[in-house]
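Structural description and commentary
For reference, the chains in residue letters:
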Amino acid sequence: MPRSPRRRYHLIPLLYAAIVLGLFALALFGRGFSRTVGEARVSGRYAPLPLLGRTEARRADISYHGLGLRFSRGQPLRLAVGDGDGEELLLHSVQASGSGVEILFGEQARLTLAPAADGSLALTLAASPGQPASATLAVPFRLSPPGRRPEGSAALSWTRRGSTFLLTLPPGSQLDAEEGTLLLSLGSSAGQGLRLARS
């Protein structure tokens, strides 16, 4: 016995509701991004329900041959000055910039990852006007396998799959391998930046 047209009309609102719920779930859970910069990969997820073209990031990761830097809205970075004062920086957005990527922390600071002229990758820090050159940004990192520090240098080297890689800090910046923290100096990083390269 054929179904009545009236019963079929009742299924149409259910179908529309299922489509709307599917789109809502996609917007809430399915918004990710990924971009390759040289031999590094920048990936992460947008905040739920970005509206009207807004692309606030919930998380951003830089991966480079076993080295990982993670930025998250739930774990603010600290921009500190010499006398102990400072402010917490919340991840705001990630956007392409030429052949590189910018990770923005509101209007307070910006990290830019881009290829350098010598073939390495440079991660540079820029802060809002008025920040003293002595300011430092603490960036957590992880490294697998563990690296080693050449004597007398602000660098970290590690071997992965038969190749050796080198993280070099600019003057004024520091590396705490035990704590897994990079202290990027605003004054020095503005010109030179942290470098990632094959050794």
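Refer to the structure presented above.
Quick caveat, the model's predicted, so the values are computed rather than measured. (Residues numbered from 1 in each chain as written. Predicted model: local features only at pLDDT ≥ 70, side-chain atom pairs only at ≥ 80, totals over all residues. Heavy atoms only, no water.)

**Some remarks on the overall build of the chain**
- Each helix and strand in the chain was counted, giving 2 helices and 16 strands.
- By residue count, 34% of the 199 residues in the chain fall in the buried class.
- Contacts spanning at least 24 positions in sequence make up 46% of the contacts within the chain whose residues lie at least 6 apart.
- Only carbon and sulfur atoms are counted for the fraction: they give 54% of the accessible area of the chain, which is about 11600 Å². (Helix = DSSP H or I, 4+ residues; strand = E, 2+ residues; numbered from the N terminus. Buried < 20%, exposed > 50% of the residue type's maximum accessible area, 1.4 Å probe, protein only. Contact = heavy atoms within 4.5 Å. Areas by Shrake-Rupley, 256 points an atom, 1.4 Å probe, with all protein chains shown as cover.)

**A word on the nonpolar core**
- Grouped together as the largest cluster of nonpolar side chains are 42 residues, with contacts concentrated most on Phe71, Leu111, Leu167 and Leu182.
- For leucine 182, the residues in contact, after removing those within four places along its chain, are Leu69, Leu137, Ala138, Val139, Phe141, Leu167, Leu169, Gln174, Leu175 and Leu194. (Core = buried A, V, L, I, M, F, W, Y, C linked by side-chain atoms within 4.5 Å.)

**Section: the pattern of salt bridges**
- Per the counting criterion, the structure on display carries 5 salt bridges.
- A salt bridge links aspartate 61 to arginine 59, with the shortest nitrogen-to-oxygen separation between them at 2.9 Å.
- Given the relative accessible area of 4%, aspartate 61 is considered buried.
- The partner of arginine 70 in a salt bridge is aspartate 61, with the nearest N and O atoms 2.6 Å apart.
- Among the ionic contacts, a cluster of salt bridges with common partners joins Arg59, Asp61 and Arg70. (Salt bridge = Lys/Arg side-chain N within 4 Å of Asp/Glu carboxyl O.)

**Quick notes on the pairing of strand β11 (residues 136-143)**
- Side-chain alternation along β11 places Leu137, Val139, Phe141 and Leu143 on a buried face and Thr136, Ala138, Pro140 and Arg142 on a face that remains uncovered.
- Sheet analysis places strand β5 (residues 77-80) next to β11, joined by 3 bridges and oriented antiparallel. Looking at the pairing, arginine 78 lines up with alanine 138 of β11. (Pairing = 2+ DSSP bridges.)

**Observations concerning empty space enclosed by the protein**
- With the rule as written, the count across this model stands at 1 cavity of 30 Å³ or more.
- Estimates place the volume of the largest cavity at around 30 Å³.
- Together, Val42, Ile62, Val101, Ile103, Leu111, Thr112, Leu113 and Leu123 line the largest cavity.
- Elements supplying a minimum of two residues to the lining of the largest cavity: β8 (100-105) and β9 (109-115).
- Of all the elements, β9 adds the most residues to the lining of the largest cavity, at 3 residues.
- For the lining of the largest cavity, the per-class residue count stands at 7 nonpolar, 1 polar and no charged. (1 Å grid on protein atoms, 1.4 Å probe; cavity = no way out; pocket = protein on both sides within 12 Å on 5 of 7 lines; lining within 4 Å. Points joined across faces, edges and corners; volume = space filled by probe spheres on them. Nonpolar A, V, L, I, M, F, W, Y, C, P; charged D, E, K, R; others polar.)

**Description of the sheet that holds strand β7 (residues 93-97)**
- Read from one edge to the other, the open sheet built from 7 strands follows the order β7-β8-β9-β10-β16-β13-β12, with strand pairing classed as antiparallel. The sheet is open, and its two borders are formed by β7 and β12 (155-160), each paired with just one other strand. Geometrically, the sheet is characterised by an average inter-axis angle of 15° between neighbouring strands, direction not taken into account. (Axes fitted to C-alpha atoms, helices over the stretch in contact; angles between N-to-C directions.)

**Details of the packing of aromatic side chains**
- The final tally for this structure, using the stated rule, is 5 aromatic pairs.
- Between phenylalanine 33 and tyrosine 46 the ring centres are 5.0 Å apart and the planes differ by 45°, which places this aromatic pair in the tilted class. In this pair, phenylalanine 33 sits in strand β1 (residues 32-37) while tyrosine 46 sits in strand β2 (residues 40-46), placing the two residues 13 residues apart along the sequence.
- When its relative accessible area of 14% is taken as the criterion, phenylalanine 33 is described as buried.
- Assessed through its relative accessible area of 16%, tyrosine 46 is described here as buried.
- Each member of the aromatic cluster is reached from another via a ring pair, and the members are Tyr64, Trp158 and Phe165. (Phe/Tyr/Trp six-rings, centres within 6.5 Å; stacked < 30°, edge-to-face > 60°.)

**Remarks on the side chain of serine 93**
- With respect to the helices and strands, the residue serine 93 is situated in strand β7.
- Overall, the relative accessible area of 7% leaves serine 93 in the buried class.

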